[in-house]
Amino acid sequence: MLAIFVWVVHHYSYDLLQAKLSAQTAVLAYVVFVLGALLCLPGSEPAAACGFIFGTVNATLIASSGTVTAAALSRWLVQRHRRWFEVRFKRNAKVWAVYETVQQGSLRLLALMRLSPFLPLGPSNYVFGFLDAPWVKYLAATCLATLPTKLMWSHLGATGRQGLAWTRGEAQADELFFMVSGLAVSLKPWAVCPASVISF
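None of these values were measured; they are calculated from a predicted model.

S.K.: Sorry if this is basic, but what is going on with a nonpolar patch on the surface here?
M.R.: Together, V27, V31 and L35 line one region of the surface with nonpolar side chains, adding up to about 240 Å² of accessible area. Counting through the fold element by element, L35 comes out in helix 2 (residues 23-38). Judged by its relative accessible area of 47%, L35 falls in the partly exposed class.

Here is the structure:
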């Protein structure tokens, strides 16, 4: 998805690299991110695309706010229909055991699971929606735990934008150095997070 997006920009919308994007564009990206999470679509590609368009900082803000909003809406939907889910979960002993484990889980467990870039955001929002925890603490834990992943993908997208500018001869040598360094830093969590999850 990200490769197609970059290809379209590269061939048809190069002016976008130099244009000042409006607030409406940021709001649209935020809405797309929220809807994608609610529909259980991958969240890494939109975050990287936002990084390509808006830069690391702005994209991280958009992705993080979208993540918190989607988590809140998913939890509200789950809590609203909780009895309906419980009736159906009780029909399967294993599913009911998982449900009780999640329900009685701690915010520490939530944060550790959210730290993994391999756990899909959309489905996990609905699963952790059953967690018995105060709303403020739940959303704060979600925001803080997903921030590193959103920062990683946003920076990866911004690095791709710098790389595209470099291929067109518009980037200096020092910018190329920081681009490669940023790419290495962005990919490092892929090696660190699996080890931390396994050790947990």
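S.K.: Teacher, can you tell me more about the packing of helix 2 against helix 3 (residues 44-54) here?
M.R.: How two helices sit against one another is set out by the angle between their axes and by the gap between those axes. The contact between helix 2 and helix 3 brings their axes to 11 Å, and the two run at 170°. Taken together, the axes of helix 2 and helix 3 are roughly antiparallel relative to one another. Note on element contacts: helix 3 touches helix 2 through P46, A47, C50 and F54, opposite T25, A26, A29 and F33.

S.K.: Mind showing me how you'd approach the packing of aromatic side chains here?
M.R.: Two numbers describe a pair of aromatic rings. These are the distance of the centres and the angle of the planes. The final tally for this structure, using the stated rule, is 7 aromatic pairs. With a centroid separation of 5.0 Å and an interplanar angle of 35°, the aromatic rings of W96 and Y99 are classed as tilted. In this pair, W96 and Y99 both sit in helix 6 (residues 93-103), 3 residues apart, roughly one turn of the helix. Measuring from centroid to centroid gives 5.1 Å for Y99 and F130, while their planes differ by 80°, and the two rings are edge-to-face. Here Y99 is found in helix 6, whereas its partner F130 is found in the loop between helix 8 (121-127) and helix 9 (135-167), with 31 residues between them in sequence. Of the two residues, Y99 and F130, neither departs from the other in class, the shared state being buried. Three or more aromatic residues joined by ring pairs make a cluster, and in this case those are W84, F85, F89, W96, Y99 and F130. Against the face of W135 rests R75, its NZ or CZ located 4.8 Å from the ring centre. Lying across the ring of Y138, R75 places its NZ or CZ 4.4 Å from the centre.

What counts and how
Residues numbered from 1 in each chain as written. Predicted model: local features only at pLDDT ≥ 70, side-chain atom pairs only at ≥ 80, totals over all residues. Heavy atoms only, no water. Patch = residues over 30% accessible without salt bridge, like charges linked within 9 Å, V, L, I, M, F, W, Y side chains within 5 Å. Areas by Shrake-Rupley, 256 points an atom, 1.4 Å probe, with all protein chains shown as cover. Salt bridge = Lys/Arg side-chain N within 4 Å of Asp/Glu carboxyl O. Helix = DSSP H or I, 4+ residues; strand = E, 2+ residues; numbered from the N terminus. Buried < 20%, exposed > 50% of the residue type's maximum accessible area, 1.4 Å probe, protein only. Axes fitted to C-alpha atoms, helices over the stretch in contact; angles between N-to-C directions. Parallel < 35°, antiparallel > 145°, perpendicular 65-115°, else oblique. Contact = heavy atoms within 4.5 Å. Phe/Tyr/Trp six-rings, centres within 6.5 Å; stacked < 30°, edge-to-face > 60°. Lys NZ or Arg CZ within 6 Å of the ring centre and 35° of its normal.

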